[in-house]
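# Architecture and fold: a report
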Amino acid sequence: MAKIIVITSGKGGVGKTTTSASFATGLALKGYKTVVIDFDVGLRNLDLLMGCERRVVYDFVNVINKEANLNQALIRDKRSDKLHILPASQTRDKDALTVEGVEEVLNELKLSFDYIVCDSPAGIEHGAFMAMYFADEAIVVSNPEISSVRDSDRILGLLSSKTKRAVEGLEPVKEHLLLTRYSPERVEKGEMLSVDDVKDILSLSLLGVIPDSQDVLTASNQGIPVIMNNDSDAALAYNDSVDRFLGDDVPIRFTNTRKRSFLGKLFGRK
Amino acid sequence: MGLTILNMVGEGAGKHKIPQQNTEEAEQTREQATNKEQDGSSNTPTCQKDQSNMESSPQIPGEVVNRTITSPVRSGQRIVVPNGDLTITASVGSGAEVIASGNIHVYGTLRGRAIAGSNGDENAMIFCKKLDADLISIAGIYLVSEDIARQKHSTPVQVTLHGESLIITES
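Residues numbered from 1 in each chain as written. Chains lettered and ligands numbered in written order. Predicted model: local features only at pLDDT ≥ 70, side-chain atom pairs only at ≥ 80, totals over all residues. Heavy atoms only, no water.

Right, let's get into the sheet that holds strand S5 (residues 97-100) of chain B. All names here are of chain B. On the basis of which strands lie adjacent, the open sheet formed by five strands has the order S3-S5-S7-S9-S10 and mixed pairing. The sheet is open, and its two edges are formed by strand S3 (78-81) and strand S10 (141-144), each paired on a single side. The mean angle between the axes of side-by-side strands here comes to 5 degrees, regardless of whether they run parallel or antiparallel. (Pairing = 2+ DSSP bridges. Helix = DSSP H or I, 4+ residues; strand = E, 2+ residues; numbered from the N terminus. Axes fitted to C-alpha atoms, helices over the stretch in contact; angles between N-to-C directions.)

In structure tokens:
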């Protein structure tokens, strides 16, 4: 049975799309047939991060409006044949998404995929609501700062009240917390909330902690999900998070400050 | 249990009355999941309040219905108990609102707004395991976060109304 996962946060710029790209790639690399859908209609970004922006012909809204069929709109990833991308429309707005239309597309995708990853737009309006409505599990992406944490709390409230599972009184959406842009050095200096602070405020199980890394921006600009960069701490942390999502017991890494070696200091290696 | 009574009323604080909650309207506008709320109300037994304690408290006629919430109350959620006590066995997030005509018990950290005695019951109390609230109010007398933060409470506290001031007592 296919699982629908929504990547959401409330606040913008915390790493939802980066996480969607890496998480979906991670699931595909583990052998699961995965599709990642961009729900950010009008502000399409996922195609850039996945490096498939030059191959977009039809999009999610075309499929909803029956202007194209699903196979025409799905883009096969260059790196993994298990991974497909369903891009958003750049010329429409979020009102193009309807509950019936989205449900129909998701039901069709469920027939041929193991995981459906929904990349939510920021905010708590229609677009975000559509992305979370049919979710079975939710990954709430948060940065270690109070405004992001409060917005995540708001989203968690909506997940437990406005989703299909909540409305129909089914088993609630399973919620996971993913902390991104974490900088142990700044936590140590007291400039940033610690993992424990965030866990305490949100009372939520921790899926992973992604360290703040320059590799993330580099990867985005190159159109390669950061999880593919095996030299990067962020990639390893995303990989661990995917393993934890699939049920493996992997310890949390990269939450302590690293002592830089003398040579490291000399060559300024980060 | 060594009680330290801390009078938290500063200049002007607690002197203002906030408008009485119109519970009818609050019921309609709240965003809380209907199913969750219904669960809460249907599972909790109804019980009568100790009337001896209530001579001076205005009560809206009708049955007292208490409510118990077992999951965290998230930012933006609003839980209203128009005629009864509210017990929450988890935390109340910053930006959330919990309102009851009677007492409010929070077995977690209270970070949001807690409004007890919403119908003007001056005997209502607020109890919480950890106090870090945006606002606490009993019968319209309130303290905001800034007033509360002057004293750090590391132990569970109870909040009562004495005359025109809210008293926070560590326990």
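Picking up after the structure, the text goes on.
Residues and elements named next belong to chain A. Judged by nonpolar contacts, the single largest core of 50 residues is most densely connected at Phe-39, Phe-60, Leu-86, Val-102, Leu-109 and Leu-159. At five residues, helix H7 (residues 146-159) tops the list of elements feeding residues into this core. Sequence-distant contacts of Val-102, that is, excluding residues within four places in its chain, are made with Phe-39, Phe-60, Ile-64, Leu-97, Met-130 and Phe-134. (Core = buried A, V, L, I, M, F, W, Y, C linked by side-chain atoms within 4.5 Å. Buried < 20%, exposed > 50% of the residue type's maximum accessible area, 1.4 Å probe, protein only. Contact = heavy atoms within 4.5 Å.)

So, about the pattern of salt bridges. Residues and elements named next belong to chain A. This structure, assessed with the given rule, holds 15 salt bridges over all chains. Ionic pairing is found between Asp-243 and Lys-30, a salt bridge with its closest N-O pair at 3.2 Å. Of this pair, Asp-243 sits in helix H12 (residues 233-245) while Lys-30 sits in the loop between helix H1 (16-29) and strand S2 (34-38), and the two are 213 residues apart along the sequence. We classify Lys-30 as partly exposed; its relative accessible area is 37%. Lys-94 is the partner of Asp-40 in a salt bridge, and the nearest nitrogen-oxygen pair spans 2.7 Å. A residue pair is termed long-range when its members are at least 10 positions apart, and Asp-40 in the loop between S2 and helix H2 (46-50) and Lys-94 in the loop between strand S4 (83-86) and helix H5 (99-112) qualify at 54 residues. (Salt bridge = Lys/Arg side-chain N within 4 Å of Asp/Glu carboxyl O.)

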